[in-house]
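Observations on chain architecture
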Amino acid sequence: MSHEIEADYKENWYDKKTQCQNCTSFKFENGKSFCTEGKCEVPPDAHCDFFQSVD
């Protein structure tokens, strides 16, 4: 994730419910995981302050 954005980004996040893969901004396309909020590639198991649950 771009570190220009102040989002307290963490890789290998411990709480599966709040990982990027469960966020409304997460997209998986063409074999890559992407954050639409941060406009960058992110690992599915990361987390940041932009997180919004898909549930």
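Scroll up for the structure.
Residues numbered from 1 in each chain as written. Predicted model: local features only at pLDDT ≥ 70, side-chain atom pairs only at ≥ 80, totals over all residues. Heavy atoms only, no water.

We now examine the sheet that holds strand β1 (residues 26–29). Read across the sheet, 3 strands follow the order β1-β2-β3 without closing on themselves; strand pairing throughout is antiparallel. Single-partner strands in this sheet number two, and they are β1 and β3 (40–41). The pairing of strand β2 (residues 32–35) with β3 spans 2 bridges and is antiparallel. Among the inter-strand pairings, Cys-35 is bridged to a residue of β3, identified as Cys-40. (Pairing = 2+ DSSP bridges. Helix = DSSP H or I, 4+ residues; strand = E, 2+ residues; numbered from the N terminus.)

Our next topic: the packing of aromatic side chains. Each aromatic ring pair is described using two quantities: the centre-to-centre distance and the angle formed by the ring planes. Tallied over the full model, the rule gives 1 aromatic pair. Each ring, one from Trp-13 and one from Tyr-14, has its centre 4.6 Å from the other, and the planes form 40 degrees; the classification is tilted. Overall, the relative accessible area of 69% leaves Tyr-14 in the exposed class. (Phe/Tyr/Trp six-rings, centres within 6.5 Å; stacked < 30°, edge-to-face > 60°. Buried < 20%, exposed > 50% of the residue type's maximum accessible area, 1.4 Å probe, protein only.)

Any link to function would need more than the numbers given here.
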